[in-house]
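What follows is the residue order along each chain.
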Amino acid sequence: MDPIHQFNIEPIFTIGHIGGQEIAFTNSSAYMFLAVALTSLLMLGTGRRLVPGRMQSIAEISYEFVADTIRTTAGKEGMKFFPFVFSIFMLVTVSNLVGIIPYTFTISSHIIVTAALAFLVFFTVLIYGFYKNGLRFFKLFVPSGIPVVILPLVVTIEVISFLSRPVSHSVRLFANMLAGHITLKVFASFVTMLGAMGIVGVFGAVLPLALVVALTALELLVAFLQAYVFTILTCIYINDAIHPGH
Amino acid sequence: MAESHGNAHGATAHTEADGGHKAPFPPFQKETFASQLVSLTIAFVALYLISSRLALPRVRQTIDDRENTIKGDLAHAQKLKDDSDAALKAYEAELAAARARAQAIGNETREKLNAAAEAERKALEERLSVKLADAEKTIASTRSAAMSNVRGIASDAATAIVQQLTGATPDSKLVDSAVEASMKG
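Everything quoted here is computed from the prediction, not taken from an experiment. (Residues numbered from 1 in each chain as written. Chains lettered and ligands numbered in written order. Predicted model: local features only at pLDDT ≥ 70, side-chain atom pairs only at ≥ 80, totals over all residues. Heavy atoms only, no water.)

1. A few points about the packing of helix 4 (residues 111-133) of chain A against helix 2 (residues 33-166) of chain B
When two helices pack together, you describe them by how their axes are tilted relative to each other and by the distance separating the axes.
Then comes step 1: Remark: helix 4 of chain A packs on helix 2 of chain B, axes separated minimally by 10 Å, with the N-to-C direction vectors making an angle of 50 degrees. Judged on the interaxial angle alone, helix 2 of chain B and helix 4 of chain A are oblique. For the pair helix 4 of chain A and helix 2 of chain B, the crossing hand works out as right-handed. Of helix 2 of chain B, the residues touching helix 4 of chain A (which contributes Ile112, Val113, Ala116, Leu117 and Leu120 of chain A) are Phe33, Gln36, Leu37, Leu40 and Phe44 of chain B.
Then comes step 2: For the contact of helix 4 of chain A with helix 2 of chain B, the residue count by class is nine nonpolar, one polar and no charged. (Axes fitted to C-alpha atoms, helices over the stretch in contact; angles between N-to-C directions. Helix = DSSP H or I, 4+ residues; strand = E, 2+ residues; numbered from the N terminus. Parallel < 35°, antiparallel > 145°, perpendicular 65-115°, else oblique. Left-handed = near helix turned anticlockwise from the far one by under 90°. Contact = heavy atoms within 4.5 Å. Nonpolar A, V, L, I, M, F, W, Y, C, P; charged D, E, K, R; others polar.)

Shown next, in the form of structure tokens:
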């Protein structure tokens, strides 16, 4: 009944301790590895036929989809990051879609997971940007064609916007998944509450039930869309690392 | 963050039962962060390695193979089409040549046959005209022979008539000239 209960981290067994902190294999860990396993199964377990079957089509469409996203946002040089972006996309997409199934756990509904991924992207961009461009990477913060008078202001804004990227990047995915799952759970609990109220309640429960069905469809869309948004932002940030000049 | 997961969970259950002060919102329970980060790191590294080493090259290979097959098939089809076009062109050229040859042979034969027929006709005409001339000659000689016989008979008859009438035998030369004159007249 508690719409927050679905986000609880349940330790399954303890792996060890790091600096007094217990490291456990949790339900979250299980779903992370499930996403990895499902992705591997999809990409490796399907056929290699000339005319693809359904699963092979999904695998190839995933490949082409991510590849096209990188090519259009970061250009051909961005393909260096293809495995990286593909891993992020598949991890987020698969875990989001698995999370739609009732009684499952959604790893991206935890800010620590999305933040870790966002900071991974952030530092990848930062490190690759300086490695590839050296000090020219700072041009990212200096748009060309700006009058000198307002340049300090613009640079300040650019730096702040760059530094706030991991926050917006991670919170967007986290908040969407969290809010969606809470909404689903709230409406689903209306169904059980009304259903327990006898014959009138059973009929009354039809409305929230229909809403739950509709919301599940919406959440399916959100699950994919947010994974896509996360991926395309990753590509856009990587593009900044490759081509720092605006 | 000395609090362990077990305790955190126990505390959650406890506060729920109490209905007292709220348990921290699960996504913000800091004591779970380390576990999740460790799991996420392992999972992401595994996924990255699987993707970059196995999955993506495999799918790339499949897609490339398909593209090559399609390209090869298209090229093969194009080649076959070109071949058939060339064959069609050759056939048409051959057909045109054969038609021209047939026409030439036809014309030649017609001319030859015409010439032969013409020659035949001329020879026949010649032969016929020779025959005609011969026949005319025969007719003329026959007629002249007949005419001389008639003259002899006429002279004899005239001599006999004169002899009967006068009792004297007329001079044969006079009779002949008289017959001649009457025949002309």
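2. So, the packing of aromatic side chains
Centre distance and the angle of the planes are the two values used to describe a pair of aromatic rings.
Then comes step 1: Tallying each qualifying case throughout the model produces 25 aromatic pairs over all chains.
Then comes step 2: Counting every residue linked through ring pairs, the aromatic cluster contains Phe119, Phe122, Phe123, Phe130, Phe137, Phe138, Phe141 and Phe162 of chain A. (Phe/Tyr/Trp six-rings, centres within 6.5 Å; stacked < 30°, edge-to-face > 60°.)

3. Let's talk about empty space enclosed by the protein
All names here are of chain A.
Then comes step 1: Scanning the entire structure with this criterion turns up three cavities of 30 Å³ or more.
Then comes step 2: The calculated volume of the second largest cavity comes to roughly 40 Å³.
Then comes step 3: Along its surface, the second largest cavity is lined by Ala118, Val121, Phe122, Val125, Phe162, Arg165, Pro166, His169 and Tyr237.
Then comes step 4: Listed by contribution, the elements that provide at least two residues to the lining of the second largest cavity are helix 4 and helix 6 (165-195).
Then comes step 5: Ranked by residue count, the leading element in the lining of the second largest cavity is helix 4, at four residues.
Then comes step 6: Per-class residue counts for the lining of the second largest cavity are seven nonpolar, one polar and one charged. (1 Å grid on protein atoms, 1.4 Å probe; cavity = no way out; pocket = protein on both sides within 12 Å on 5 of 7 lines; lining within 4 Å. Points joined across faces, edges and corners; volume = space filled by probe spheres on them.)

4. Re the UniProt feature "coiled-coil region" (unreviewed entry) in chain B
Then comes step 1: Under the UniProt annotation, "coiled-coil region" (unreviewed entry) lies at residues 74-134 of chain B.
Then comes step 2: Taken end to end, residues 74-134 of chain B is 100% helix and 0% strand, and its two terminal C-alpha atoms sit 88 Å from one another. (UniProt positions renumbered as here; feature names shortened; annotations may be inferred.)

5. Section: the layout of surface pockets
Residue and element names in this part refer to chain A.
Then comes step 1: Of the volumes computed, that of the largest pocket is approximately 690 Å³.
Then comes step 2: In terms of lining residues, the largest pocket is bounded by 23 residues, among which Gln6, Pro102, Tyr103, Thr104 and Lys185 are the most central.
Then comes step 3: Counting only elements with at least two residues in the lining of the largest pocket, the list comes to helix 1 (27-45), helix 3 (82-100), helix 6 and helix 8 (206-242).
Then comes step 4: Its residues placed into classes, the lining of the largest pocket shows ten nonpolar, ten polar and three charged.

6. Observations regarding the confidence of the model for chain B
All names here are of chain B.
Then comes step 1: The predicted model of chain B averages 85 in pLDDT, with 88% of residues at 70 or higher.
Then comes step 2: Looking across chain B, the model is least confident in helix 1 (residues 5-18), with a mean pLDDT of 41, and most confident in helix 2, with 93.
Then comes step 3: Under a pLDDT of 50 for its full length, residues 1-20 has, in the predicted model, 24 contacts with residues more than four places off or in other chains. (pLDDT = per-residue confidence, 0-100.)

7. Focus: the environment of Leu117 of chain A
Then comes step 1: Here Leu117 of chain A lies in helix 4.
Then comes step 2: Residue Leu117 of chain A is classed as buried on the basis of its relative accessible area of 3%.
Then comes step 3: It is 22 Å that separates the C-alpha atoms of Leu117 of chain A and Gly75 of chain A, two residues lying 42 residues apart in sequence.
Then comes step 4: Every residue in contact with Leu117 of chain A, bar those within four places of it in the chain, is listed here: Leu91, Val92 and Phe230 of chain A together with Leu40 and Phe44 of chain B. (Buried < 20%, exposed > 50% of the residue type's maximum accessible area, 1.4 Å probe, protein only.)

8. Focus on the nonpolar core
Then comes step 1: Ranked by internal contacts, the top residues of the largest apolar core, which has 59 residues, are Phe82, Phe84, Val85, Leu91 and Val125 of chain A.
Then comes step 2: Going through the elements one at a time, helix 1, helix 2 (54-74), helix 3, helix 4, helix 6 and helix 8 of chain A together with helix 2 of chain B are the ones with two or more residues in this core.
Then comes step 3: Setting aside its immediate chain neighbours within four residues, Val85 of chain A contacts Val66, Ile70, Thr231, Thr234, Cys235 and Ile238 of chain A.
Then comes step 4: Formed by five residues, the second largest nonpolar core is a distinct cluster that contains Leu184, Val191, Ala205 and Val212 of chain A. (Core = buried A, V, L, I, M, F, W, Y, C linked by side-chain atoms within 4.5 Å.)

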